[in-house]
Amino acid sequence: MTTFQIEPMGEQAVIIRFGTVIDRQTHEKVRKFSAWLDQHPVPGMIEYIPGFTTVTVFYDPVAFYVRQTSVLTLNEPSFSAYERMRMVLGEALAQLSDHLPAAGNTVEIPVLYGGEMGPDLAEVAAYHQMSEREVIRIHSEGEYHVYMIGFAPGFPYIGGLSETIATPRKTSPRLKIPKGSVGIAGKQTGIYSLETPGGWQIIGRTPISLFRPDRNPPSILKAGDRVRFVPISAEEYQSYEEGKA
Amino acid sequence: MSLTVIRPGLFTTVQDRGRFGFQKHGVIVGGVMDPFAYKMANLLVGNKGTEAAVEMTMKGDTWEVTEDTVLAICGADMEAAADDKPLPLWKPVWVRAGTVIRFGVSKLGARTYIAVAGGVQCPLVMNSRSTYARAGIGGYEGRALQKGDELKADEPGRQSKKLGELLQKQAKGGAFYAPDWRIAADHLPRYHGHPVVRVVKGNQSDWFTEESRNAFFGQEFRVSPQSDRMGYRLEGPRLEKLDKSRELVSEAVTFGTVQVPAEGNPIVLLADRQTTGGYPKIAQIISVDLPLIVQTKPGDVIRFREVVHQEAERLLLEREQLFRQVRLGMKLKYE
């Protein structure tokens, strides 16, 4: 039996909570329920957002009303649209343990580490009193899990960074971090999908675009995917760039 | 139908209701700040209500109407004038090609919408025509409008065409014409520099001290100058968590979410909000009161009042009924 809580977020969304701390078990439930929503679009649902421990369903309350003469009336007068939504989702959630999450992909992210592309690699190495090569080896050997896409289009929140290279954020954030930058912030690692300001320690850059607005889906990663970082040379980086053109 | 920017306003973009269905990929919803004024403007020109329109901020543009156009201006009063004669708000207006329309600085309210019959023509990106400036996509070339930009309209529907023909006839050779009927004033939002904004409980409202919760509803909050389409920062009594070390795991947020960072000043998330956030939510502004907050300006003062969830849903339905009445009225008059 899956334990969960359903609560409203305003009158056009509900949050379903499967837990309060970040762990793979809770995230498994998030993924199962997301897969169920993909296969069973709930009437009135507009879209959903999977989080670390939650799934938020956005819906149109007007869809629960029918037109009688000139006025709109609830098609189930004893329940509000919210209560109806809660019931429909609650029934699905009660059956959730029987479902499987959607299979995640394994996505390889090529990274040119260090140098101009990774201006903080030396700082990270010095912080841990190891060589830059050692940081690259640990980072690229890790097994990573995408918990959610948020903050910016295509920006993945990735878990699984080795504690041995966990590094605090920079004391003063940079005003511009180039698109594709791969960074470390505390126990997280991530990839900047757009140019934004930010305080992460930048150790490398990928020539791959994580966000491609002209494709569907526009994000190359999704919650539940596994990520591997593959070190590449400057020449390989260059040929990726040329391949794009 | 088309409009050309002669002199740009402060920040003018093309928007529709927003980009839905892509939030799980981290793509923001965006779209209009004042959903009521936007939808009403569309309905008043005989559109379906979801077409792209122009959103002007604080100070409007000067436009040349380069082809005969039916348009409606809704939202803040920027003292629109066509060839120096005042143009009415909340009405369809037929405007002759060659007419210059000037918008000034809004005295009350912050955002004004221009809907055109057929809707502003621009490509659909991820199912929406909204401008998403940071990613450089949607709207007019993914950016705010500049001098010389020309907006064309899509082919108007039957109702818009008939409306245009009728108004053109009544214009009797004048530069513009608006019908003499109007939407009853009590159906229109009361934009105010000191609005009372209704909210329901936020998902973490019980994380805050009783003093903070009382202060949230009992005291005033000033809109800070650091406020934009992404969110409004408010200044007022410091709101504190019961357990200062308690941290929220990032989860979804929505239009009108009031979140509180550690320093204690609330932020209201608006159209260009991120999809997720990690600050506790003290309150959620109800949908029908979103126009009140987005039409405030830096320096304006807000008070919050709590309503129950059922009331929020009832008010949303009431608003939907109003849109249906307007649509029906337009149909009876112009079809």
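Rules used throughout
- Residues numbered from 1 in each chain as written.
- Chains lettered and ligands numbered in written order.
- Predicted model: local features only at pLDDT ≥ 70, side-chain atom pairs only at ≥ 80, totals over all residues.
- Helix = DSSP H or I, 4+ residues; strand = E, 2+ residues; numbered from the N terminus.
- Rg over C-alpha atoms; globule rule 2.2 N^0.38 Å.
- Buried ≥ 20, exposed ≤ 12 C-beta atoms within 10 Å, placed from the backbone.
- Contact = placed C-beta atoms within 7 Å.
- Arc of directions from axis to C-beta.
- Domains from an automatic or database assignment.
- Nonpolar A, V, L, I, M, F, W, Y, C, P; charged D, E, K, R; others polar.
- Axes fitted to C-alpha atoms, helices over the stretch in contact; angles between N-to-C directions.
- Parallel < 35°, antiparallel > 145°, perpendicular 65-115°, else oblique.
- Left-handed = near helix turned anticlockwise from the far one by under 90°.
- Pairing = 2+ DSSP bridges.
- Core = buried A, V, L, I, M, F, W, Y, C linked by C-beta atoms within 7 Å.

With that settled, consider the overall build of chain B. Regarding its fold elements, chain B presents five helices and 21 strands. The globule rule puts the C-alpha radius of gyration for 335 residues at 20 Å, and the 20 Å found for chain B is close to it. Along the first, second and third principal axes, the C-alpha atoms of chain B reach 70 × 40 × 35 Å. Taken over 335 residues, chain B has a buried fraction of 51%. By sequence separation, contacts in chain B at least 24 residues apart represent 77% of the contacts at least 6 residues apart.

We now examine helix α4 (residues 132-141) of chain A. Residues and elements named next belong to chain A. Of all the positions in α4, only Val 135, Ile 136 and His 139 are classed as buried. Down the axis of α4, the smallest arc covering the buried residues is 100°, so these residues share one side. Each element contacted by the buried residues of α4 is listed here: β7 (106-113), α3 (121-127), β14 (201-205) and β15 (226-231).

With that out of the way, let us pick up the domain arrangement of chain A. All names here are of chain A. The domain boundaries assigned to chain A delineate domain 1 (5-98) and domain 2 (106-244). The gap between the C-alpha centroids of domain 1 and domain 2 is 34 Å. Opposite the eight residues of domain 1 that make contact, domain 2 presents six residues. Looking at which element gives the most residues to the side of domain 1 that touches domain 2, the answer is helix α1 (residues 24-39), with four residues. Here the side of domain 1 that touches domain 2 is composed, by residue class, of three nonpolar, three polar and two charged.

Turning our eyes to something else, we now look at the packing of helix α1 (residues 35-44) of chain B against helix α5 (residues 309-334) of chain B. Residue and element names in this part refer to chain B. Contact pair α1 / α5: the axes reach a minimum separation of 10 Å and the direction vectors enclose 15°. Relative to α5, the element α1 lies roughly parallel. Where α1 crosses over α5, the handedness of that crossing is right-handed. Touching Lys 39, Met 40 and Leu 43 of α1 are Phe 323, Val 326, Arg 327 and Met 330, all from α5. Looking at side-chain class alone, the contact of α1 with α5 contains five nonpolar, no polar and two charged residues.

Residues and elements named next belong to chain A. Judged from the four bridges that link them, strand β11 (residues 181-185) and strand β12 (residues 188-191) form a sheet pairing that is antiparallel. Residue Gly 183 lies in a different strand from β12, and its bridge partner there is Gly 190. The loop that links β11 with its antiparallel partner β12 comprises two residues; one of these, Gly 186, has a positive phi angle of about 60°.

Here we come to the interface of chain B and chain A. With 35 residues of chain B at the contact, the number on the chain A side is 41 residues. Of all the elements, α5 of chain B adds the most residues to the side of chain B that touches chain A, at eight residues. Residue composition of the side of chain B that touches chain A, grouped by class: 14 nonpolar, 16 polar and five charged.

Moving on: the pairing of strand β4 (residues 62-67) of chain B. All names here are of chain B. The pairing of strand β1 (residues 2-7) with β4 spans five bridges and is classified as antiparallel. Opposite Arg 7, over in β4, you have Thr 62 as the bridge partner. In this sheet, strand β9 (residues 100-102) lies alongside β4 in antiparallel orientation, the contact comprising three bridges. When the sheet's bridge partners are listed, Glu 64 is paired in β9 with Val 100.

To continue, consider the nonpolar core. Residues and elements named next belong to chain B. One finds Ala 41, Leu 71 and Val 116 to be the most contacted residues of the largest nonpolar core, which totals 158 residues. Counting residues per element, this core draws most heavily on α1, which supplies seven residues. Sequence-distant contacts of Val 116, defined by excluding residues within four places in its chain, comprise Met 1, Val 45, Thr 69, Val 70, Leu 71 and Ala 153.

Residue and element names in this part refer to chain B. In terms of domains, chain B is made up of domain 1 (2-189) and domain 2 (196-315). Each of domain 1 and domain 2 was reduced to a C-alpha centroid, and the two centroids are 29 Å apart. Listed by partner, the interface residues are 18 residues for domain 1 and 14 residues for domain 2. When residues of the side of domain 1 that touches domain 2 are assigned to their parent elements, the largest contribution, three residues, is made by α1. Considered class by class, the residues forming the side of domain 1 that touches domain 2 number ten nonpolar, six polar and two charged.

Moving on to the packing of helix α2 (residues 158-171) of chain B against α5 of chain B. To describe two helices that pack against each other, one gives the angle between their axes and the distance between the axes. Residues and elements named next belong to chain B. Between α2 and α5, whose axes approach to 10 Å, the crossing angle comes to 60°. Compared by their axis directions, α2 and α5 come out oblique. For α2 against α5, the interelement crossing comes out left-handed. Residue-level inspection shows Gln 159, Lys 162, Leu 163 and Leu 166 of α2 in contact with α5, the latter providing Met 330, Lys 331 and Tyr 334. For the contact of α2 with α5, the residue count by class is four nonpolar, one polar and two charged.

The next subject is the sheet that holds strand β20 (residues 281-285) of chain B. Residue and element names in this part refer to chain B. Strands sit in the order β13-β20-β17-β18-β15-β14-β21 around a closed barrel of seven strands; the barrel is mixed. Across the sheet, the axes of successive neighbouring strands diverge by a mean angle of 40°, strand direction being ignored. Pairing analysis gives four bridges linking strand β13 (residues 196-201) to strand β21 (residues 301-306), with the strands arranged parallel. Its bridge partner being in β21, Arg 198 is matched across the sheet by Arg 305.

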